[in-house]
Amino acid sequence: MLFSEIGLGPEVLRAVEDAGYTQPTPIQEQAIPWVLQGRDVLGCAQTGTGKTASFTLPMIDILAQGRARARMPRSLILEPTRELAAQVAENFEVYGKYHKLNMALLIGGESFVDQIKKLDRGVDVLIATPGRMIDLFERGNILLSDIKVFVIDEADRMLDMGFIPDIERIVSLLPRIRQTLFFSATMPPEIRRLADSFLINPRTVSVSPPASTADTVTQAVVLTRAEDKRRALRHLLRTEDVKNALIFCNRKRDVAMLHRSLEKHGFNAGALHGDLPQSKRTETLEAFKKNEITLLVCSDVAARGLDIAGLSHVFNFDVPHSSEDYVHRIGRTGRAGRSGRAFMLAMPDEGKQVAAIVKLINREIPRVEIDGIESVEFEPEGETRRRWGRKEAPKDSERRPPAAESRPARPVEAPVAEAKPARSPEPRGEVNPPRATDPRAADPRAADPRTTDSRPERRRDEPRRRRREDDDDEAVVGFGDHMPAFLLRRARPSRVDGV
Ligand code: AMP
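A brief look at the structure comes next. Because the structure is a prediction, the values reported are computed rather than measured.

Some words on the overall build of the protein
Here is step 1 of the chain: On a plain count of helices and strands, the protein comes out with 17 helices and 13 strands.
Here is step 2 of the chain: Within the span of the protein, comprising 499 residues, buried residues form 56% of the whole.
Here is step 3 of the chain: Here the contacts in the protein between residues at least 6 apart in sequence split such that 78% fall between residues at least 24 apart.

Digging into the packing of aromatic side chains
Here is step 1 of the chain: Under the defined criterion, the tally for this structure stands at three aromatic pairs.
Here is step 2 of the chain: Ring plane angle 40° and centroid distance 5.3 Å describe the contact between Phe-55 and Phe-183, whose orientation is recorded as tilted. Here Phe-183 lies in strand β6 (residues 179–184) and Phe-55 lies in helix α3 (residues 51–63), a separation of 128 residues in the sequence. Phe-183 shares its class with Phe-55; the two are buried.

With respect to a negative patch on the surface
Here is step 1 of the chain: Side chains of Glu-90, Glu-93, Glu-286 and Glu-292 sit close together on the surface and give a patch of like negative charge.
Here is step 2 of the chain: If you trace the backbone, Glu-286 turns up in helix α12 (residues 278–289).

Describing the sheet that holds strand β4 (residues 125–128)
Here is step 1 of the chain: Taking strand neighbours across the sheet as the criterion, the seven strands line up as β3-β4-β2-β5-β6-β1-β7 in an open arrangement whose pairing is parallel. Looking along the sheet, the strands with just one partner apiece sit at the ends: β3 (103–106) and β7 (203–206). Direction aside, neighbouring strands of the sheet carry axes that sit 15° apart on average.
Here is step 2 of the chain: Relative to β4, strand β2 (residues 75–78) runs parallel, the two being bridged by four bridges. Note that in β4 the partner of Ser-75 across the bridge is Val-125.
Here is step 3 of the chain: Across the sheet, helix α5 (residues 112–121) touches β3 and β4, and the angle it forms with β3 is around 150°.
Here is step 4 of the chain: Strand contacts of helix α9 (residues 189–198): β1 (41–44), β5 (149–152) and β6, with the helix running at about 170° to β6, the strand carrying the most contacts.

A short note on unusual backbone geometry
Here is step 1 of the chain: Of note, Arg-71 is a non-glycine position whose phi angle comes to about 60°, a positive value.
Here is step 2 of the chain: Relative accessible area serves as the criterion here: at 35%, Arg-71 is assigned to the partly exposed category.
Here is step 3 of the chain: Notably, Asn-362 is not glycine yet its phi reads approximately 60°, a positive angle.
Here is step 4 of the chain: Summarising the element assignment, Asn-362 is placed in the loop between α14 (351–361) and α15 (383–388).

Topic: the nonpolar core
Here is step 1 of the chain: Within the largest apolar cluster, 36 residues are counted, with the highest numbers of intra-cluster contacts made by Leu-76, Leu-78, Leu-126, Met-133, Ile-167 and Phe-182.
Here is step 2 of the chain: Setting aside chain neighbours within four positions, we find Leu-126 in contact with Pro-73, Ser-75, Leu-76, Ile-77, Ala-104, Leu-106, Leu-119, Met-133 and Ile-142.
Here is step 3 of the chain: Listed in part, the 34 residues of the second largest apolar core include Leu-8, Val-41, Val-88 and Val-205.

A short note on the site of the ligand
Here is step 1 of the chain: In the vicinity of the ligand there are 14 residues, among which Tyr-21, Gln-28, Gly-48, Thr-52 and Asp-307 approach most closely.
Here is step 2 of the chain: In the environment of the ligand, a nitrogen atom lies 2.9 Å from a nitrogen or oxygen atom belonging to the backbone of Gln-23.
Here is step 3 of the chain: Between an oxygen atom of the ligand and a main-chain N or O atom of Lys-51, the distance comes to 3.2 Å.
Here is step 4 of the chain: In isolation the ligand has 500 Å² of accessible area, and contact with the protein removes 75% of it.
Here is step 5 of the chain: When the residues that make up the shell around the ligand are grouped by side-chain class, the tally is three nonpolar, eight polar and three charged.

Details of the pattern of salt bridges
Oppositely charged side chains can form a pair if their charged atoms are brought close together.
Here is step 1 of the chain: All chains considered together, the criterion is met by 18 salt bridges.
Here is step 2 of the chain: As a salt-bridge pair, Glu-374 and Arg-225 come within 3.3 Å of each other at their nearest N and O atoms. One end of the pair, Glu-374, is in the loop between α14 and α15; the other, Arg-225, is in the loop between β8 (217–223) and α10 (229–239), and 149 residues separate them in sequence.
Here is step 3 of the chain: For Asp-228, the salt bridge is made with Arg-231, and the minimal N-O distance between the two is 3.2 Å. Each of the two residues, Asp-228 as well as Arg-231, counts as buried.

So, how was this worked out
Residues numbered from 1 in each chain as written. Predicted model: local features only at pLDDT ≥ 70, side-chain atom pairs only at ≥ 80, totals over all residues. Heavy atoms only, no water. Helix = DSSP H or I, 4+ residues; strand = E, 2+ residues; numbered from the N terminus. Buried < 20%, exposed > 50% of the residue type's maximum accessible area, 1.4 Å probe, protein only. Contact = heavy atoms within 4.5 Å. Phe/Tyr/Trp six-rings, centres within 6.5 Å; stacked < 30°, edge-to-face > 60°. Patch = residues over 30% accessible without salt bridge, like charges linked within 9 Å, V, L, I, M, F, W, Y side chains within 5 Å. Areas by Shrake-Rupley, 256 points an atom, 1.4 Å probe, with all protein chains shown as cover. Salt bridge = Lys/Arg side-chain N within 4 Å of Asp/Glu carboxyl O. Lys, Arg positive; Asp, Glu negative; His and termini not counted. Charge placed at Lys NZ, Arg CZ, Asp CG, Glu CD. Pairing = 2+ DSSP bridges. Axes fitted to C-alpha atoms, helices over the stretch in contact; angles between N-to-C directions. Core = buried A, V, L, I, M, F, W, Y, C linked by side-chain atoms within 4.5 Å. Near = heavy atom within 4 Å. Polar contact = N/O pair within 3.5 Å; in protein donor to acceptor, adjacent residues only side chain to side chain. Nonpolar A, V, L, I, M, F, W, Y, C, P; charged D, E, K, R; others polar.

In short, geometric facts, not functional conclusions.
This is the structure in structure tokens:
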């Protein structure tokens, strides 16, 4: 199908042509005609599929008629992170260049005054993160009664970050007669229920199964002790042909520490996590996109949606807690058919997490060894439990003092600063070729063909974690004390079964 056959107006088509797109992507081909017809849409699609244009392009056409009134925006797009919101705003600028639509970006960490001024002038498109949106509503700066099109993007990420109560509140402030577009990379039951309660007779559109990794990304895992992780990473950075890379840590404090350590070793690195001031986040991201910084140490705030052209590498300095985060992290590279490389550093007691990732993506991750980094194996399941007398890893206060080589592997949540200094000089050799080691060997259940399900799915025992900007410290399971209204309603059989 050609863009000209999809039903978009001439100005939008001209902007699309200027952007260099010749054909709609599958999600655009499926979604745009329904959006133009005014239907609610339930979209199951990951970032990188052209999802943003699948709702922004028809919205521009729909909003081309009519005018915005002061403080009464005509459309609202909710995004889980400030970076994603900013990216959607950039998309509107590119695709809406032949229209005179007013847009406002309401994100935390930026001046209220400027945002309020924009709202006062009248806004056609409002792009917001849920927290700032509610703040401005409560201050009386915004009325949502004129919203015609409402978009919830990255709904599963919103759930992970604990935004669902805020979203329910926002939806309760919207007019009942509106068009709702709801996008999520995965469709767990909570998300289906939520979609059921927000959408009216939606058309379901879906591309690529959830949690698949692109064939264009070459993946590898390095097994290493905690104290060797930074050295292993430096070795990879020096021996791989790294043009630019994202380096993911699970915790904000580890992002800061690893960033300092890399700078100390002469790498051109920046840091990005949710506790940094917004001005710093924007500045760092810009510098990274312009290649002024080649390495960006980051938390999962950067895992979703960030569109960095031609990113050559992703390093998982920490094995992500959630297998789905692995898919999102490595999905930053290998985009638009380009090749990319993704390395993960795993510690001996992380066999279970790695096995869960392997099961989710339904492909093995070859193991590589690094000269000069002691080769270790995954501990058999239960080893950590026996050592510490229970299943969970010990808390910092309970941990024994490190006893040189024989000390047990440090649990993943311990700060990087605790890692011992490198014991040997930096190796300069090559990364050894992949060894076909199946990390599922560490998990007898996963290795058993009778229990190995070929369908990618979320691990049942994996709690949904509450993360405001990103992961930190204690995990809150489910909704904490809050019981959202949609969970109390009976789920109707949904059209998305089987998605
Ligand atoms: P998204 O999934 O919205 O994050 O989009 C991923 C990337 O695909 C962005 O860099 C878009 O500019 C690009 N893109 C979106 N639609 C098309 C298209 N029809 N043809 C080529 N590239 C596209």
